[in-house]
Amino acid sequence: MAIKASVGYMSVNHSRQMTKDAAMSLEIEIVPILSDNYVYLARESASGKVLCVDPGEAAPVLARAEELGWDIDTILITHHHGDHVAGVKTLKAATGATVIGPGGDSQDMPALDQSVGDGDAVAFGDETLRVIGVYGHTAGHITYYAEGEQALFSGDALFSVGCGRFFEGTAADMWPGLLKLRDLPDAARVYCGHEYTATNVAFATSIDSQNADLQRYAGIVAMLRAEGMPTLPANLGLEKKINPFLRADDPDFAEMHGFKGQEGVAFLAHIRAGKDAF
Ligand SMILES: [Zn+2]
């Protein structure tokens, strides 16, 4: 089953609808795979070129692309984990797509046609994909920000109300990357690698119970999940207010948890340890 991303806009991000026609350069489709992964297909409107982000499986992606009449030109990889790359070989064989991925994340990585890293830009039709390194979940994890569309493909670096576990790094590695993502415009929409939002909201609420924006969002997330709908894309402006991992340098939030004067890396490590044990 595939679900149109636009349904998520209607429930979560009303402002998107108002600006949609003027700025639209990517039409983005969510393809759920495995137990809770999302693969994204995106068609650039000027060129008709289609990209696919993190195909952890090939068959459901090929099936959805065929339904849409879309030919996949490019495969983007955020990091080496199997649930993000296991479908790459088959998908490439079936479509002849160019595979672009992180040069700094070579472990178990399928053969890349183009290796990219932090600060690189990839032209895709009229769209520009800016590569932003966010290290810690894996050593070389990258994200892709589509500047025209203001869409961030965040892999397992940033989730709605959460961030990826620090498997190959520390809070000190992760924090500068999270700050780079936080610098993106409030209007940006975040397309994450997993549907983890409900659990993330439960954890965030446990450490930030008075946050009215978080409470409102919890209601929306519960409604969407009850309908079997994705909670994504997330709105980055809202994430800046409710995602504890993006607020580790908030002095009041840090003080509330006994980290007065230690906001930033130390408080981020504390929040991550709390989530890991949640
Ligand atoms: Zn991962």
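Nothing here was measured: the structure is a model prediction, and the numbers come from that model.

**Remarks on helix H3 (residues 59-68)**
And step 1. Listing the buried residues of H3 in full gives Val61, Arg64 and Ala65. Viewed end-on, H3 has its buried residues packed into an arc of 100°, placing them on one side of the element. Looking at H3, the residues exposed on the side facing more than 90 degrees away from the buried face are Ala63, Glu66 and Glu67.
And step 2. Where H3 is buried, its residues touch strand E2 (26-33), strand E3 (37-44), strand E4 (50-53), strand E5 (72-76) and helix H5 (88-95).

**Examining the packing of helix H7 (residues 197-207) against helix H8 (residues 212-226)**
And step 1. Look at H7 against H8: their axes get within 10 Å of each other, and the N-to-C directions meet at 155°. The angle between the axes of H7 and H8 places the two elements in the roughly antiparallel class. Pair H7 / H8 crosses with left-handed handedness. Between H7 and H8, the residues in contact are Thr197, Ala198, Val201, Ala204 and Thr205 and Leu214, Tyr217, Ala218, Val221 and Arg225, respectively.
And step 2. Counted by class, the contact of H7 with H8 contains seven nonpolar, two polar and one charged residues.

**Side note on unusual backbone geometry**
And step 1. The peptide bond linking Leu232 to Pro233 adopts the cis configuration, its omega dihedral lying at 5°.
And step 2. Looking at the element boundaries, Pro233 is found in the loop between H8 and strand E15 (234-235).
And step 3. Phi angles above zero are rare outside glycine, and Leu34 is one such case at about 50°.
And step 4. Within the secondary structure, Leu34 sits in the loop between E2 and E3.
And step 5. C-beta crowding within 10 Å serves as the criterion here: with 14 such atoms nearby, Leu34 is assigned to the partly exposed category.
And step 6. Of note in this structure, Val161 is not a glycine but carries a positive phi near 65°.
And step 7. Relative to the helices and strands, Val161 resides in the loop between strand E12 (158-159) and strand E13 (162-163).
And step 8. Overall, the presence of 29 C-beta atoms within 10 Å leaves Val161 in the buried class.

**As for the environment of Lys92**
And step 1. As for its placement among the helices and strands, Lys92 is situated in helix H5.
And step 2. Residue Lys92 is classed as partly exposed on the basis of its 19 C-beta neighbours within 10 Å.
And step 3. Placed 18 residues apart in sequence, Lys92 and Thr74 show a C-alpha to C-alpha distance of 8.8 Å.
And step 4. Those residues in contact with Lys92 that sit more than four places away from it in its chain are Ile75, Ala97 and Val99.

**Let's talk about the packing of helix H6 (residues 171-182) against helix H11 (residues 265-276)**
And step 1. In contact at an axis separation of 9 Å, H6 and H11 are set at 105° when each is read in the N-to-C sense. Considered as vectors, H6 and H11 are oriented roughly perpendicular to each other. In this structure, H6 contributes Ala171, Ala172, Met174 and Trp175 to the contact, and H11 contributes Val265, Leu268, Ala269 and Arg272.
And step 2. Of the residues contributing to the contact of H6 with H11, the split by class is seven nonpolar, no polar and one charged.

**Describing the environment of Leu51**
And step 1. Relative to the elements of secondary structure, Leu51 occurs in strand E4.
And step 2. Given 28 C-beta atoms within 10 Å, Leu51 falls into the buried group.
And step 3. Counting along the chain gives 22 residues from Leu51 to Glu29, while the straight-line C-alpha distance between them is 10 Å.
And step 4. Every residue in contact with Leu51, bar those within four places of it in the chain, is listed here: Ala42, Asp73, Thr74, Leu76 and Phe124.

About the thresholds
Residues numbered from 1 in each chain as written. Predicted model: local features only at pLDDT ≥ 70, side-chain atom pairs only at ≥ 80, totals over all residues. Buried ≥ 20, exposed ≤ 12 C-beta atoms within 10 Å, placed from the backbone. Helix = DSSP H or I, 4+ residues; strand = E, 2+ residues; numbered from the N terminus. Arc of directions from axis to C-beta. Contact = placed C-beta atoms within 7 Å. Axes fitted to C-alpha atoms, helices over the stretch in contact; angles between N-to-C directions. Parallel < 35°, antiparallel > 145°, perpendicular 65-115°, else oblique. Left-handed = near helix turned anticlockwise from the far one by under 90°. Nonpolar A, V, L, I, M, F, W, Y, C, P; charged D, E, K, R; others polar.

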